[in-house]
Amino acid sequence: DAGVIQSPRHEVTEMGQEVTLRCKPISGHDYLFWYRQTMMRGLELLIYFNNNVPIDDSGMPEDRFSAKMPNASFSTLKIQPSEPRDSAVYFCASSASTEQYFGPGTRLTVT
Amino acid sequence: GIQVEQSPPDLILQEGANSTLRCNFSDSVNNLQWFHQNPWGQLINLFYIPSGTKQNGRLSATTVATERYSLLYISSSQTTDSGVYFCAVVLATGFQKLVFGTGTRLLVSP
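Residues numbered from 1 in each chain as written. Chains lettered and ligands numbered in written order. Predicted model: local features only at pLDDT ≥ 70, side-chain atom pairs only at ≥ 80, totals over all residues. Heavy atoms only, no water.

Caption draft 1: How the structure looks around the side chain of Ser77 of chain B. For Ser77 of chain B, the position within the fold is in the loop between β8 (69–74) and β9 (83–91). If we skip the residues at most four places from it in the chain, Ser77 of chain B touches Leu13, Gln14, Glu15, Gly16, Ala17, Arg58 and Val108 of chain B. (Helix = DSSP H or I, 4+ residues; strand = E, 2+ residues; numbered from the N terminus. Contact = heavy atoms within 4.5 Å.)

Caption draft 2: Spotlight on the interface of chain A and chain B. Counting residues at the interface gives 17 residues for chain A and 14 residues for chain B. For the pair chain A and chain B, the summed buried area comes to about 1500 Å², and 55% of that belongs to carbon and sulfur atoms. The interface formed by chain A and chain B includes zero salt bridges. At the level of elements, β4 (31–38), β5 (42–50), β9 (88–95) and β10 (100–102) of chain A are the ones that each hand at least two residues to the side of chain A that touches chain B. For the side of chain A that touches chain B, the element with the most residues is β4 of chain A, which contributes four residues. (Buried area = accessible area lost by both parts, 1.4 Å probe. Salt bridge = Lys/Arg side-chain N within 4 Å of Asp/Glu carboxyl O.)

Caption draft 3: Geometry of the pairing of strand β4 (residues 29–37) of chain B. Residue and element names in this part refer to chain B. Most of β4 is tucked away, with eight of its nine residues classed as buried. Taken together, the eight bridges between β4 and β9 define a ladder with antiparallel strand orientation. Looking at β9, one finds that Trp34 is bridged to Cys87. Pairing of β4 with strand β5 (residues 43–48) involves five bridges; the strand directions are antiparallel. Across the sheet, residue Trp34 finds its bridge partner in β5, namely Phe47. Counting the residues between successive antiparallel strands, the hairpin from β4 to β5 contains five residues, one of them, Gly41, with a positive phi of roughly 95°. (Buried < 20%, exposed > 50% of the residue type's maximum accessible area, 1.4 Å probe, protein only. Pairing = 2+ DSSP bridges.)

Caption draft 4: Seen up close, the environment of Leu32 of chain B. Residue and element names in this part refer to chain B. With respect to the element layout, Leu32 can be found in strand β4. Given the relative accessible area of 0%, Leu32 is considered buried. When the C-alpha positions of Leu32 and Leu91 are compared, they lie 9.2 Å apart, and in sequence the two are 59 residues distant.

Caption draft 5: Molecular detail of the state of the cysteines. All names here are of chain A. Within the structure shown, the criterion is met by two disulfides over all chains. Between the sulfur atoms of Cys23 and its disulfide partner Cys92 the distance amounts to 1.9 Å. A torsion of -70° about the S-S bond marks the disulfide between Cys23 and Cys92 as left-handed. Of this pair, Cys23 sits in strand β3 (residues 19–24) while Cys92 sits in strand β9, placing them 69 residues apart in sequence. The class of Cys23 is buried, set by a relative accessible area of 2%. With relative accessibility at 0%, the residue Cys92 sits in the buried group. (Disulfide = S-S within 2.5 Å.)

Caption draft 6: Spatial organisation of the sheet that holds strand β1 (residues 4–7) of chain B. Residue and element names in this part refer to chain B. Pairing in this open sheet of five strands is antiparallel, and the strands run β1-β3-β8-β7-β6 from one edge to the other. The two strands at the open ends of the sheet, each matched to only one other strand, are β1 and β6 (52–56). Across the sheet, the mean angle separating the axes of adjacent strands is 15° when strand polarity is ignored. Two elements, strand β3 (residues 19–25) and β8, share six bridges in a ladder whose sense is antiparallel. Paired with Leu21 across the two strands is Leu72, which belongs to β8. (Axes fitted to C-alpha atoms, helices over the stretch in contact; angles between N-to-C directions.)

Caption draft 7: Representation of the pattern of salt bridges in the model. Residue and element names in this part refer to chain A. Summed over the entire model, instances satisfying the criterion amount to nine salt bridges over all chains. With a closest N to O distance of 3.0 Å, Glu44 and Arg41 form a salt bridge. Here Arg64 and Asp86 are joined by a salt bridge, their closest N and O atoms 2.7 Å apart. Of this pair, Arg64 sits in the loop between β6 (53–56) and β7 (65–71) while Asp86 sits in the loop between β8 (74–79) and β9, and the two are 22 residues apart along the sequence. Each member of the pair, Arg64 as well as Asp86, is classed as buried. Each of Glu62, Arg64, Glu83, Arg85 and Asp86 takes part in a single network of salt bridges with overlapping partners.

Written out as structure tokens, the structure reads:
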């Protein structure tokens, strides 16, 4: 299996622009997670889906963030409008209910 | 919320040395994972170990769920072991939400 796939790997954008991060989970996994890693807050869960349905979005920082999972093999995390404090590494992970496997991450820089 | 504390925060070793990393958690958990974040930022699964002991090559881990701690042992360390080691837990009432510790930063010098 190719593992969890994320794109892009790096994204540099200007404040106010829309940013879309993409994730393809491991085939057969029915849980998908979005995490964010920063120096100040470490690794924190933003939102997770089960069978394409959002279960817990309590970690989403504010309304500028939204996530969708239109089918079992694709999810997006969108930030609109982006701000410099959104700069971080965003990880997607998937699981078949127990062990979670992480993608390589997207390093986002907002200038 | 649950507290996940890791110690030591930083560790410097000579190649070939052994080490023990500790993870303490403040509540009952259903799931515990150890990860290695390499210098390129990738999170690599080491162990899924909600209880008991597992070994994989030079690494082994033990979780004592009733006493709320887990240990990661690294033997005969190599420079490629450098990076940050994270413990992450799922609360017994926390569905699938992984809560990460603050990590142990390991540097293995040749």
